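Survey of secondary and tertiary structure
Take a look at the letters that make up each chain.
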Amino acid sequence: SGKWARTVTILKELEDTFGTPIGKLKQIADAMMVEMHAGLASEGGSKLKMLISFVDNLPTGDEKGLFYALDLGGTNFRVLRVLLGGKEGRVVKQESKEVSIPQDLMTGTSQELFDFIATALAEFVATEGEGLHVSSGRQRELGFTFSFPVRQTSIASGNLIKWTKGFSIEDAVEKDVVGELTKAMERMGLDMRVSALVNDTIGTLAGGRYHNQDVIAAVILGTGTNAAYVERANAIPKWQGLLPKSGEMVINMEWGNFRSSHLPLTEYDHALDAESKNPGEQIFEKVISGMYLGEIVRRVLYRMAEEAAFFGDTIPPKLNIPYILRTPEMSAMHHDMSSDLKVVGNKLKDILEITNTSLKMRKVIVEVCDIVATRGARLSAAGIVGILKKLGRDTVRDGDTQKSVIALDGGLFEHYKKFSGCMESTLKELLGEEVAENVVVELSNDGSGIGASLLAASHSQYL
Ligand code: ADP
Ligand code: MG
């Protein structure tokens, strides 16, 4: 029928407009490298903030003692207690608790949010068991992983630049987030000092390096996306301070805010962005990360319902609700291996209240998931190649066997296998076989929590 022909036409258009041919990816990798240079050259020199983390030494393995970590940056926050045993003992013991953040706190006041966090932290501290106490007379120390853009003023202080990922707490912007947390802990009567403020990328880099000395960069693919890497301190023109002894400085790229005229942005992306809490910002994040992939699929399906009567004569009302289709559900549909695409059918019924879908329709929906996920995965790979280029690690010199390991973390990368698989194969495609042999992507499952505790240890007031 004419309706079906229209559906096929829309699918063809999608394949075209979401397309990421290798030439385009190379342009994007180049653009990423160029923006990295610009962001390092001067403050505000690029959409890439290239934030200086004040981490100039990554973990060595000698870290010892009991440390806490707090990870705030998405829908959940986690508290951790880690007993570090130095080179011999490594991570002797680790305990954690995850708490989901009530929706209203994500858009309330700074005090409400930090009081909620400090309360959960105090409750967790109260469960310290045998052998898991700090030495007497010592203050507990915390590595605070705060995964929003922060302009650091030292290793343990920094002002929030802006919120991302659906958070919007106006009175916290420009404030020192360590000060906010410290005040809340004082209100709760919790005696704890924040000794390191890091981003999840920095935490993942630190945790990754602790396990593997060849880790040079970390990438987060979760609710949002970001990357950090180890830069030569003398390659950071905007750095006014003394050159660190190590000669190195970890840079938090805030790559979610990358944009380039080469990015294959579609009408769906423009509409999603315009209706988001942060229009015009985090464009790379909005085409790649877990918060948005399902929403892009929903927008495409809405368009198919509207223009091709894909679901029948009326548009299913639920399909009009922003963010109703979450990325884990999209992923479940995309991975449906059953011959009748049962999972797709059930998801459509349960989430969108769409019943009686034919196999032919379900196949189209899987195809839409594939188109949207593939673009995100291939663009992520291009971003990583941009970093490798910046470091001169995208080529092999004679006999060079130096490994470049990228630590990856985040629920999207961990659970969305078609996404991570596509990202890794695209990386090989972009680098070529020879170089790809020396580039390793390593899942650093919760490296960020351990990493923050390691950095708390290496910046302890008792050293
Ligand atoms: P955060 O990024 O919020 O710190 P995570 O790293 O755990 O937290 O990532 C959670 C995100 O990962 C979710 O918002 C979701 O987008 C994505 N995700 C989680 N599970 C899956 C899944 N099974 N398939 C695809 N994406 C998933
Ligand atoms: Mg996280």
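Keep in mind that this is a model prediction, so the values were computed, not measured.

1. Topic: the pairing of strand E9 (residues 215-221)
In terms of burial, E9 is largely enclosed, as seven of its seven residues are buried. Two elements, E9 and strand E12 (residues 404-409), share five bridges in a ladder whose sense is parallel. Residue pairing in the sheet places Ala218 in a bridge with Ala407 of E12. The antiparallel hairpin formed by E9 and strand E10 (residues 225-232) contains three residues in its connecting segment.

2. Let's talk about the UniProt feature "domain: Hexokinase N-terminal" (unreviewed entry) in the chain
If you check UniProt for "domain: Hexokinase N-terminal" (unreviewed entry), the listed places come out as residues 11-210 in our numbering. The distance separating the terminal C-alpha atoms of residues 11-210 is 46 Å; by composition the span is 34% helix and 27% strand.

3. Points about the pairing of strand E2 (residues 64-72)
Within E2, seven of the nine residues are buried, which leaves it mostly tucked inside the rest of the structure. Pairing analysis gives nine bridges linking E2 to strand E3 (residues 76-85), with the strands arranged antiparallel. Residue pairing for E3: Asp71 is matched across the bridge by Arg78. Pairing of E2 with strand E5 (residues 140-146) involves five bridges; the strand directions are parallel. Along E5, the bridge assignment pairs Leu70 with Phe144.

4. Describing the sheet that holds strand E1 (residues 51-52)
Spatially, E1-E11-E10-E9-E12-E13 is the arrangement adopted by the six strands of the open sheet, whose pairing is mixed. Each having just a single partner strand, E1 and strand E13 (439-443) make up the two edges of the open sheet.

5. Some points on helix H14 (residues 417-431)
Over its 15 residues, H14 runs 21 Å from end to end, which matches the ideal 21 Å to within 8%, given 1.5 Å per residue. Listed in full, the buried residues belonging to H14 are Phe419, Ser420, Cys422, Met423, Glu424, Thr426, Leu427, Leu430 and Leu431. Elements that come into contact with the buried residues of H14 comprise helix H2 (22-41), helix H12 (359-390), helix H13 (411-415), helix H15 (433-436) and E13. Immediately beyond the C-terminal end of H14, within one or two residues, lies Gly432, with a positive phi of roughly 85°.

6. Digging into the nonpolar core
Counting residues in hydrophobic clusters, the biggest one holds 135 residues, and the most contacted among them are Phe144, Leu181, Leu197, Leu205, Ala217, Ala228 and Val297. For this core, the element with the most residues is H12, which contributes 14 residues. Discounting residues that sit within four places of it in the chain, Leu197 has contacts with Phe144, Phe146, Gln152, Ile155, Ala156, Ser157, Gly158, Val177 and Val178.

The rules behind each value
Residues numbered from 1 in each chain as written. Chains lettered and ligands numbered in written order. Predicted model: local features only at pLDDT ≥ 70, side-chain atom pairs only at ≥ 80, totals over all residues. Buried ≥ 20, exposed ≤ 12 C-beta atoms within 10 Å, placed from the backbone. Helix = DSSP H or I, 4+ residues; strand = E, 2+ residues; numbered from the N terminus. Pairing = 2+ DSSP bridges. UniProt positions renumbered as here; feature names shortened; annotations may be inferred. Expected span 1.5 Å × (residues − 1). Contact = placed C-beta atoms within 7 Å. Core = buried A, V, L, I, M, F, W, Y, C linked by C-beta atoms within 7 Å.

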